[in-house]
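Okay, here's what each chain looks like letter by letter:
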Amino acid sequence: MQNRLARIFSPSSGRTVMLAIDHGYFQGPTTGLERVDVNILPLLPYTNALMLTRGILRAIVPSSFNSGVVLRASGGPSILKELSNEQLAVDIEDAARLNVSALAVQVYIGGEFETQTVNNMTRLVDAGLRYGIPILGVTAVGKAMVRDAKYFRLACRICAELGVQFVKTYYVAEGFETVTASCPVPIVMAGGKKLPELEALTMAYRAVSEGAAGVDMGRNIFQADAPTAMIQAVGKVVHELMKPQQAFELYETLKYEKKGVLAS
Ligand code: R5P
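Residues numbered from 1 in each chain as written. Predicted model: local features only at pLDDT ≥ 70, side-chain atom pairs only at ≥ 80, totals over all residues. Heavy atoms only, no water.

For the rest of this paragraph, the subject is the nonpolar core. Membership of the largest hydrophobic core comes to 73 residues, with the highest contact counts inside it found for Ile21, Ile40, Leu103 and Val234. The contacts of Ile40, once residues within four sequence positions are left out, are Leu19, Ile21, Gly32, Leu33, Arg35 and Phe222. Met18, Ala102, Phe166 and Ala213 belong to the second largest nonpolar core, which has 15 residues in total. (Core = buried A, V, L, I, M, F, W, Y, C linked by side-chain atoms within 4.5 Å. Buried < 20%, exposed > 50% of the residue type's maximum accessible area, 1.4 Å probe, protein only. Contact = heavy atoms within 4.5 Å.)

Around the ligand sit 15 residues in total, of which His23, Gln106, Lys168, Gly218 and Arg219 are the nearest. The side chain of Lys168 places a nitrogen or oxygen atom 2.6 Å from an oxygen atom of the ligand. In the complex, the protein chains occlude 95% of the 370 Å² of accessible area that the ligand would expose alone. The residue inventory of the shell around the ligand, partitioned by class, reads five nonpolar, five polar and five charged. (Near = heavy atom within 4 Å. Polar contact = N/O pair within 3.5 Å; in protein donor to acceptor, adjacent residues only side chain to side chain. Areas by Shrake-Rupley, 256 points an atom, 1.4 Å probe, with all protein chains shown as cover. Nonpolar A, V, L, I, M, F, W, Y, C, P; charged D, E, K, R; others polar.)

So, on to the pairing of strand β6 (residues 102-107). Here β6 lies mainly inside the structure; six of its six residues are buried. Burial of the side chains of β6 extends over both faces: Ala102, Ala104 and Gln106 are buried on one face and Leu103, Val105 and Val107 on the other. Pairing of strand β3 (residues 68-72) with β6 involves three bridges; the strand directions are parallel. Bridge assignment links Leu71 to a residue of β6, and that residue is Leu103. (Helix = DSSP H or I, 4+ residues; strand = E, 2+ residues; numbered from the N terminus. Pairing = 2+ DSSP bridges.)

Bringing the packing of helix α11 (residues 227-240) against helix α12 (residues 244-258) into the picture now. Two elements in contact, α11 and α12, have axes whose closest approach is 8 Å; the angle formed by their N-to-C orientations is 155 degrees. It follows that α11 is roughly antiparallel to α12 by the angle criterion. Helix-helix and strand crossings are classified by hand; for α11 and α12 the assignment is right-handed. Judged by residue contacts, Ala229, Met230, Gln232, Ala233, Lys236 and Val237 of α11 engage Ala247, Leu250, Tyr251, Leu254 and Lys255 from α12. Class assignment of the residues belonging to the contact of α11 with α12 gives a composition of eight nonpolar, one polar and two charged. (Axes fitted to C-alpha atoms, helices over the stretch in contact; angles between N-to-C directions. Parallel < 35°, antiparallel > 145°, perpendicular 65-115°, else oblique. Left-handed = near helix turned anticlockwise from the far one by under 90°.)

Let us look at the pairing of strand β7 (residues 135-139). Counted residue by residue, β7 has five buried out of five residues, so it is predominantly covered. Burial along β7 is two-sided: Ile135, Gly137 and Thr139 facing one way and Leu136 and Val138 facing the other are all buried. Pairing of β6 with β7, which is carried by five bridges, proceeds in the parallel orientation. When the bridges of β7 are listed, Leu103 appears paired with Ile135. In this fold, β6 hands off to helix α6 (residues 114-131), which returns the chain to β7; that crossover is right-handed. Pairing of β7 with strand β8 (residues 166-170) involves three bridges; the strand directions are parallel. Opposite Val138, over in β8, you have Lys168 as the bridge partner. (Right-handed = clockwise from strand over helix to strand, strands pointing away.)

Quick look at the sheet that holds strand β10 (residues 214-217) now. On the basis of which strands lie adjacent, the closed barrel formed by eight strands has the order β1-β2-β3-β6-β7-β8-β9-β10 and parallel pairing. Within this sheet the neighbouring strands show an average axis-to-axis angle of 25 degrees, counted without direction. Strands β6 and β7 of the sheet are contacted by α6, whose axis makes an angle of about 165 degrees with β6. The strands touched by helix α7 (residues 149-161) are β6, β7, β8 and β9 (187-190); relative to β8, the strand with the most contacts, the crossing angle is about 165 degrees.

Quick look at the pattern of salt bridges now. Tallying each qualifying case throughout the model produces 11 salt bridges. The salt bridge involving Lys168 is made with Asp216; its shortest N-O contact spans 3.0 Å. With Lys168 in strand β8 and Asp216 in strand β10, this pair connects stretches of sequence that are 48 residues apart. A relative accessible area of 10% means that Lys168 is categorised as buried. The closest approach of N and O atoms between Lys255 and Glu252, which form a salt bridge, is 3.8 Å. One end of the pair is Lys255 and the other is Glu252, both in helix α12 and three residues apart, which spans about a single turn. (Salt bridge = Lys/Arg side-chain N within 4 Å of Asp/Glu carboxyl O.)

In short, the description is geometric, and any link to function would need to be established separately.
Below, the structure written as structure tokens:
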């Protein structure tokens, strides 16, 4: 268990930059993920852990990839249906066969199928304990739910109380430090909708400054103008607490270097 967690959380900083590319399990080919082989593989050297489905892991990720793998383990409904109606979607033996570092399960506290998703989580925690595989509880927010610190304190604490080894949750501007303080296991910040790059870097900086053990960002990295530059800037923020403005300047520099502007 600890060895697997050490493949996700950098032993030197104690934090992680996870790259979330699991969106296809309910959204299909999301913008930026149409060609994972072309657009995502170049980002792999800069991530501590890749969050993805077993289909993409088997079909596209090279077997030489040596960083953490956080495998999406729940699913069922597409964006056309009630999203909270999920079930477990991976057998623990397949997770062991794939040598994953953790399994991720969506938990819809307050959602229509709340109890079912909590039950998915607790069954996965039991299976994970049998095999030494950590579980990531992902606090999912239904379309109509309020996203505030009070809600996330509730959702994160329930996941931790029921046994997950770490939690993924959203950043909130007011009171995020109360969410991290009242959750006894590490929290990684979810990225959410695409923001302008400086705003996304600022959100990541605030999250780690307010107690998050890193980030698990998807669209704010792979939908950035320059994803390779963005993931490196996020890495500086998370692991070295680089200030957002400085990280943004780094992003701009790397972006134009890539385009050959500085080289000319
Ligand atoms: C959301 O709950 C899922 O795990 C997503 O597919 C993904 O991780 C979201 O990433 P982001 O919101 O940063 O694009």
